[in-house]
Amino acid sequence: MYCNLSVKMFVVMLCTIFCMYLQACSHDNSTTISSIYMNDSLLIVDIDHSVKLESINYSDFYSNIETIILECDTNILIGYINKLETYNDYLIILDINYSQGIFVFDKYGNFIRKIGAVGQGVGEYIEVSDFTIDKDGLLYLLDNGAQRINIYELSSGDFIKSLKINENGYVWSYHIYKNTRLYVDAYFSNSLKNAYLLQGINEKSGYSRQQYLSVNDYNKTWVNINYVENNAFYISSMNGAFFVQQFMDTIIKIEDDYIYPFAVIKYDHFVTDKDINAIQEMGRSGFSSISELFNKNLMWNIRDIRIRNDYLFFRCWESNMQIAILYDMKKKETYKIMYERNDLLYKDNVLSGVPLKYLTSDENGSYFCVRTDDIEMLIEYAFLVSKAIR
């Protein structure tokens, strides 16, 4: 089914981050949606004819795992890792839930600096929701409270400038990605004929230079701003990033100046426009707006997308269960997986263990974390020695 990649695997603790190492212009008020590129090599992930597996082992893809313990004290309080990116030898961590900040560590977990601070002064932010780092080491912080992007020098933490975005008032952005161009996602306070999911940002003015991906064509008409996914951009180890929102059945690739469909999901039970219209008509807000989907035999919310060698992997919801999909790009075979068994970390009799949150991948491997509240359970289940966890 799949090969065993000869790999090295690491674990990072804070919270605990697991790193599994592998070898191997002008202001434009128009809402005209730009077209994206065609892809003659579009992947068809055929779940209707997939092979059903109860579980897969991490050892089928990774050979080793280590723990990186993040330095913490009264001045470095991180309650939860919402996002991690790597840049050279840096680990950059976002904590939205507790500290409302971005923290920079070295690859061994030693604290280096915090980026910016909550406030209304120069270089400060009201509410950070995401960040991205470009190839030159500039960190772009998205302040969703002010709908503003702050730009900092990662190596020094110095503030450079800010860009005000979405000044029209009816578009809101929560996630950001910078490649050769700067992109943010788009959410709308009400239904609009030309609502879109992705926009390119002019780095001089902050204005939306291009809009992509019609809500009606790609996201099953969903425009409810009261329920936003945790992430929209997933860094690809092959270059660029994947983009997906809540009800998309197409994974979009952003690579240099190109935006194109990378993979499409073929499944009779994937959520439809009709399903989404029905729950939007209920007029609920927040999580309750989609709770009806848990009572139906439907698939939705593609996330945690990563690719290694010949395999595409992602998680999603089906009914009230989180499952995994593995696609062999070489053989064009799809596997539907109920459990991911981390046999490198957990004892033989543990099927799933403490839930691991996927964070990101780079050329070295994949990073995961576990909540601080779950560390005691992790000690009970895992092979880790107590000294390493302390």
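Before reading on, note that the structure itself is shown above.
Residues numbered from 1 in each chain as written. Predicted model: local features only at pLDDT ≥ 70, side-chain atom pairs only at ≥ 80, totals over all residues. Heavy atoms only, no water.

Enquirer: Report on the sheet that holds strand β10 (residues 111-115), specifying residues and quantitative values.
Expert: The four strands are arranged β7-β8-β9-β10 in an open sheet whose pairing can be described as antiparallel. Of all the strands in the sheet, the pair left with one neighbour each is β7 (83-87) and β10. Each adjacent strand pair in this sheet contributes to an overall mean axis angle of 20°, direction not counted. Pairing between β7 and strand β8 (residues 90-95): five bridges, direction antiparallel. If you follow E85 over to β8, its bridge partner there is I92. (Pairing = 2+ DSSP bridges. Helix = DSSP H or I, 4+ residues; strand = E, 2+ residues; numbered from the N terminus. Axes fitted to C-alpha atoms, helices over the stretch in contact; angles between N-to-C directions.)

Enquirer: Lay out the packing of aromatic side chains with the relevant residues and their values.
Expert: Both the distance between ring centres and the angle between the ring planes are used here to describe each pair of aromatic rings. Within this structure, the stated rule accounts for 20 aromatic pairs. With a centroid separation of 5.1 Å and 50° between ring planes, the pair formed by F233 and F243 is classed as tilted. Residue F233 is found in strand β21 (residues 233-235), and its partner F243 is found in strand β22 (residues 241-243); the two are separated by 10 residues along the sequence. According to the relative accessible area criterion, F243 is buried, its value standing at 0%. An angle of 85° between the planes, with centres 5.0 Å apart, marks the rings of F294 and W317 as edge-to-face. With a gap of 23 residues between them, F294 in the loop between α2 (273-280) and β25 (299-308) and W317 in strand β26 (residues 311-318) connect regions that are remote in the sequence. This pair shows no difference in class: F294 is buried, exactly as W317 is. Members of the aromatic cluster, each reached through a chain of ring pairs, are W222, F247, F294, W300 and W317. Over the ring of F131 we find K83, and its NZ or CZ is 5.0 Å from the ring centre. Lying over the aromatic face of Y358, R306 brings its terminal NZ or CZ to 4.3 Å of the ring centre. (Phe/Tyr/Trp six-rings, centres within 6.5 Å; stacked < 30°, edge-to-face > 60°. Buried < 20%, exposed > 50% of the residue type's maximum accessible area, 1.4 Å probe, protein only. Lys NZ or Arg CZ within 6 Å of the ring centre and 35° of its normal.)

Enquirer: Explain unusual backbone geometry to me, using residue names and the numbers behind them.
Expert: Notably, N88 is not glycine yet its phi reads approximately 50°, a positive angle. Mapped onto the secondary structure, N88 falls in the loop between β7 and β8. Even without glycine at this site, D304 takes up a positive phi of about 50°. Along the polypeptide, D304 turns up in strand β25. Relative accessible area serves as the criterion here: at 12%, D304 is assigned to the buried category.

Enquirer: Residues and numbers for the nonpolar core, please.
Expert: Ranked by internal contacts, the top residues of the largest apolar core, which has 78 residues, are V45, L198, F243, F262, I305, L312 and F314. Sorting elements by how many residues they give to this core places β26 first, with six residues. Setting aside anything within four residues of it in sequence, one finds V45 in contact with A263, V264, I265, K266, L312, F314, I325, Y327 and T334. Core analysis: the second largest hydrophobic core is formed by 14 residues, Y87, I92, V128 and L154 among them. (Core = buried A, V, L, I, M, F, W, Y, C linked by side-chain atoms within 4.5 Å. Contact = heavy atoms within 4.5 Å.)

Enquirer: A description of the pattern of salt bridges should follow, citing residues and the corresponding values.
Expert: In the structure shown here, the tally under the stated rule is 14 salt bridges. One salt bridge in this structure joins K266 and D46, with 3.7 Å as the shortest N-O distance. A residue pair is termed long-range when its members are at least 10 positions apart, and K266 in strand β24 (residues 258-266) and D46 in strand β4 (residues 43-46) qualify at 220 residues. Residues E318 and K336 are paired through a salt bridge, measuring 2.8 Å at the closest nitrogen-oxygen approach. Here the residue E318 occupies a position in strand β26, and K336 occupies one in strand β28 (residues 333-341), the gap between them amounting to 18 residues. By relative accessible area, K336 is classed as buried at 10%. Through salt bridges with shared partners, one network takes in D46, D48 and K266. (Salt bridge = Lys/Arg side-chain N within 4 Å of Asp/Glu carboxyl O.)

Enquirer: Go over the sheet that holds β26 with me, naming the residues and quoting the values.
Expert: With respect to topology, five strands assemble into an open sheet ordered β5-β28-β27-β26-β25, the strand pairing being mixed. Only two strands of the sheet have a single neighbouring strand rather than two, namely β5 (51-57) and β25. On average, adjacent strands in this sheet sit at an angle of 30° to one another, irrespective of strand direction. Relative to β28, strand β27 (residues 321-328) is paired through five bridges, and the arrangement is antiparallel. Following the sheet pairing, I325 is matched in β28 by K336.

Enquirer: Which residues make up the pairing of β10, and what values do they have?
Expert: Regular strands have side chains that alternate between both faces of the sheet. Judged from the four bridges that link them, strand β9 (residues 101-106) and β10 form a sheet pairing that is antiparallel. Following the sheet pairing, V104 is matched in β10 by R113. Once β9 ends, the chain turns through four residues before running back antiparallel as β10, passing G109 with a positive phi of about 95°.

Enquirer: Which residues make up the pairing of β25, and what values go with them?
Expert: β25 sits mainly inside the fold: 10 of its 10 residues count as buried. Both β25 and β26 contribute to a ladder of six bridges, which runs antiparallel. Residue pairing in the sheet places R303 in a bridge with R315 of β26.

Enquirer: Describe the side chain of R113, naming the residues involved and giving the relevant values.
Expert: Considering the arrangement of structural elements, one finds R113 in strand β10. D158 provides the closest opposite charge to the buried, salt-bridge-free R113, at an N-O distance of 7.4 Å. A distance of 3.1 Å separates a polar atom in the side chain of R113 from the backbone oxygen of L154. When near neighbours in sequence (up to four residues on either side) are disregarded, R113 contacts I102, F103, V104, L154, S155, S156 and G157. (Lys, Arg positive; Asp, Glu negative; His and termini not counted. Polar contact = N/O pair within 3.5 Å; in protein donor to acceptor, adjacent residues only side chain to side chain.)

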